[in-house]
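As a plain string of letters, each chain reads:
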Amino acid sequence: MDTPNPLTDEELAVIEELAGAATPGPWHVRQLDDDFAMSLVAISTVPDIGAGERWPDFDHRQIVAATLVQQPRYVDVADERWDENANFIANARQDIPRLIAEIRRLRRLLEANGQKPEEG
């Protein structure tokens, strides 16, 4: 993999704005099951209670995204990594703001030591 160009302050600000505009976190992966979605793997604003809840026993307004809906089969991925994708998406809600803060912290440290981030 090629080393990407360093993020500019403007690019970092755009990423931060995108994260800030998204539904507030934390997000969680939920394994839901019903006659309509059939093994729904979803990203939700509330944690999974481990009961494989079936609609209408869960509030659809808590669902941010889905990585698997099998009936009808319209949310799916060929490599079958719906659980892994759901974990990535759910964790991105918390991780992206932390990564932005860490980049800014490290840049401040470099600047305090008289270095520019590109020189790192």
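Attention here is on the structure that accompanies the text. (Residues numbered from 1 in each chain as written. Predicted model: local features only at pLDDT ≥ 70, side-chain atom pairs only at ≥ 80, totals over all residues. Heavy atoms only, no water.)

### With respect to the overall build of the chain
What the chain contains, in helices and strands, is two helices and four strands. Along its sequence from the N terminus, the chain presents helices and strands in the succession α-β-β-β-β-α. For 120 residues, the compact-globule estimate of 2.2 N^0.38 gives 14 Å, and the chain exceeds it by more than 25% at 19 Å. The principal-axis extents of the C-alpha atoms in the chain amount to approximately 60 × 30 × 20 Å. The buried share of the chain, reckoned over its 120 residues, is 22%. Looking at the chain as shown, the accessible area adds up to about 8500 Å², and 54% of this sits on carbon and sulfur atoms. (Helix = DSSP H or I, 4+ residues; strand = E, 2+ residues; numbered from the N terminus. Rg over C-alpha atoms; globule rule 2.2 N^0.38 Å. Buried < 20%, exposed > 50% of the residue type's maximum accessible area, 1.4 Å probe, protein only. Areas by Shrake-Rupley, 256 points an atom, 1.4 Å probe, with all protein chains shown as cover.)

### Let's talk about the packing of aromatic side chains
Throughout the structure, instances matching the rule amount to zero aromatic pairs. Over the aromatic face of W27 sits the side chain of R93, whose NZ or CZ is 5.8 Å from the ring centroid. (Phe/Tyr/Trp six-rings, centres within 6.5 Å; stacked < 30°, edge-to-face > 60°. Lys NZ or Arg CZ within 6 Å of the ring centre and 35° of its normal.)

### Things to note about the pattern of salt bridges
The final tally for this structure, using the stated rule, is seven salt bridges. For R30, the salt bridge identified is with E53, shortest N-O distance 3.0 Å. Remark: E53 occurs in the loop between β2 (40–44) and β3 (63–70) and R30 occurs in strand β1 (residues 28–32); sequence separation between them is 23 residues. Each member of the pair, R30 as well as E53, carries the same accessibility label: buried. (Salt bridge = Lys/Arg side-chain N within 4 Å of Asp/Glu carboxyl O.)

### Concerning the nonpolar core
Counting residues in each nonpolar core, the largest one holds eight residues, listed as W27, V29, V41, I43, L68, W82, A86 and A90. Mapped by element, the contributors of at least two residues to this core are β2 and α2 (82–112). Residue contacts for A86: discarding those within four places in its chain leaves V29, V41, I43 and T67. Counting residues in hydrophobic clusters, the runner-up holds six residues, among them L32, F58, V69 and V75. (Core = buried A, V, L, I, M, F, W, Y, C linked by side-chain atoms within 4.5 Å. Contact = heavy atoms within 4.5 Å.)

### What to know about α2
In this model α2 runs 43 Å from its N-terminal to its C-terminal C-alpha over 31 residues, within 8% of the 45 Å that 1.5 Å per residue would give. At A92, α2 shows its largest kink, close to 50°. Taken residue by residue, α2 has W82, A86, A90, R93, I100 and R107 as its buried positions. Of the surrounding secondary structure, the elements contacted by the buried residues of α2 are α1 (9–21), β1, β2 and β3. Of the residues flanking the end of α2, it is G114, one or two places downstream, whose phi is positive at about 75°. (Expected span 1.5 Å × (residues − 1). Bend = angle between axes of the 7 residues up to and from the residue.)

### Some words on the sheet that holds β2
The four strands are arranged β1-β2-β3-β4 in an open sheet whose pairing can be described as antiparallel. The open sheet is flanked by β1 and β4 (73–75), the only strands paired with a single partner. For this sheet, the mean inter-axis angle between neighbouring strands, taken without regard to orientation, is 25°. Against the sheet, α2 engages β1, β2 and β3, with an angle of about 5° to β2. (Pairing = 2+ DSSP bridges. Axes fitted to C-alpha atoms, helices over the stretch in contact; angles between N-to-C directions.)

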